[in-house]
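What the coordinates show
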Amino acid sequence: MFVYRPPKGSCWGHAIGKDPARAKAQLDIFFDAFFERVEQQSPATLVLAWKDSVLPKVEWPAVFQGLDNEKLRQFLFMVTGDRVMFPMGIVFPLSPAEPASFEFLRRFSTDAPFEMSARHFQVGIVSGTGKFAWRKPDAELAAKLEEFIV
């Protein structure tokens, strides 16, 4: 499982183009391709969830499953003019051991109307005691992310 979370220093998000109307249209196409719209909190704030049909193989750890944890499987996107932000990150319920996961990440990063960086990815780890945590990828996984994130 992966999360894409730019550093806190990038609190203004990612640029999506100089023309806000065109950028918004591109963002809507992108959202419709990959996500279901859960809630429009304001004209600039949207809650999204993955369309299961676009993911190669969905793997949500137990901490994310069940009705009580439905919010954990959703993402907050904020659009301000020519920038898009995802304050809690974008969680990818994909196995880091599956080649199809990396092909999906390549397609997602290619289609994204904002530039993504492999160095902003973390991997979800479940410890022996069942606790879940995000960690920096090891060298091998980091190299694979660099290869596939364009």
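Our structure is the block above this text.
None of these values were measured; they are calculated from a predicted model. (Residues numbered from 1 in each chain as written. Predicted model: local features only at pLDDT ≥ 70, side-chain atom pairs only at ≥ 80, totals over all residues. Heavy atoms only, no water.)

For the structure shown, the criterion picks out 5 salt bridges. Here the residues in one salt-bridge network are K24, D28, D32 and R37, joined through shared partners. (Salt bridge = Lys/Arg side-chain N within 4 Å of Asp/Glu carboxyl O.)

Pairing geometry for strand 8 (residues 121-126) and strand 9 (residues 132-135), over 4 bridges, is antiparallel. Bridge assignment links G124 to a residue of strand 9, and that residue is W134. Between strand 8 and strand 9, which pair antiparallel and follow one another directly, the connecting turn spans 5 residues, one of which, G130, has a positive phi of 90°. (Pairing = 2+ DSSP bridges. Helix = DSSP H or I, 4+ residues; strand = E, 2+ residues; numbered from the N terminus.)

This next bit is on the sheet that holds strand 3 (residues 35-42). In spatial order, the strands read 2-6-5-4-3; together these 5 strands make up an open sheet with antiparallel pairing. Pairing within the sheet leaves two strands with one partner each, and these edge strands are strand 2 (14-15) and strand 3. Packing against the sheet, helix 1 (residues 20-34) makes contact with strand 3, strand 4 (45-50), strand 5 (74-80) and strand 6 (83-85), and its axis sits at approximately 130° to strand 3. (Contact = heavy atoms within 4.5 Å. Axes fitted to C-alpha atoms, helices over the stretch in contact; angles between N-to-C directions.)

Moving on: the pairing of strand 4. Counting buried positions over the 6 residues of strand 4 gives 6, a clear majority of the element. Side chains T45, V47 and A49 of strand 4 all project onto a buried face; the interleaved residues L46, L48 and W50 project onto the opposite face, where all are buried too. Bridge count for strand 3 against strand 4 is 6 bridges, and the pairing is antiparallel. Bridging from a neighbouring strand, F35 pairs with W50 of strand 4. Connecting strand 3 to the next strand, strand 4, in antiparallel fashion are 2 residues. With 5 bridges connecting them, strand 4 and strand 5 associate as antiparallel partners. Within strand 5, the residue paired with L48 across the bridge is F75. (Buried < 20%, exposed > 50% of the residue type's maximum accessible area, 1.4 Å probe, protein only.)

Here we come to the sheet that holds strand 7 (residues 90-92). Taken together, 4 strands build an open sheet; the order of strands is 7-1-8-9 and the sheet is antiparallel. Sheet topology places strand 7 and strand 9 at the edges, where each strand pairs with a single neighbour. Between one strand axis and the next, the sheet turns by 30° as a mean value, whatever way the strands run. Inspection of the sheet shows strand 1 (residues 2-4) paired to strand 8 by 3 bridges, in the antiparallel sense. Within the sheet, the bridge partner assigned to V3 lies in strand 8 and is Q122.

What follows deals with the environment of F121. Looking at the secondary structure, you find F121 in strand 8. For F121, a relative accessible area of 2% puts it in the buried group. Apart from residues lying up to four places away in sequence, F121 is in contact with F2, V3, Y4, F92, L105, M116, P137, L145 and I149.

With that settled, the discussion passes to the packing of aromatic side chains. Scanning the entire structure with this criterion turns up 31 aromatic pairs. Here F2 and F102 contribute two aromatic rings whose centre-to-centre distance is 5.8 Å and whose plane-to-plane angle is 75°, an arrangement assigned as edge-to-face. Of the two residues, F2 sits in strand 1 while F102 sits in helix 2 (residues 99-111), which places them 100 residues apart along the sequence. Accessibility classification places F2 together with F102 in one group, the buried group. (Phe/Tyr/Trp six-rings, centres within 6.5 Å; stacked < 30°, edge-to-face > 60°.)

A word on the nonpolar core. By size, the foremost hydrophobic cluster in this structure holds 42 residues, and its most contacted members are F2, F35, W50, F92 and F108. Those elements giving two or more residues to this core turn out to be strand 1, helix 1, strand 4, strand 5, strand 7, helix 2, strand 8 and helix 3 (139-148). Sequence-distant contacts of F35, defined by excluding residues within four places in its chain, comprise F30, L48, A49, W50, K51, F75, F77 and F108. (Core = buried A, V, L, I, M, F, W, Y, C linked by side-chain atoms within 4.5 Å.)

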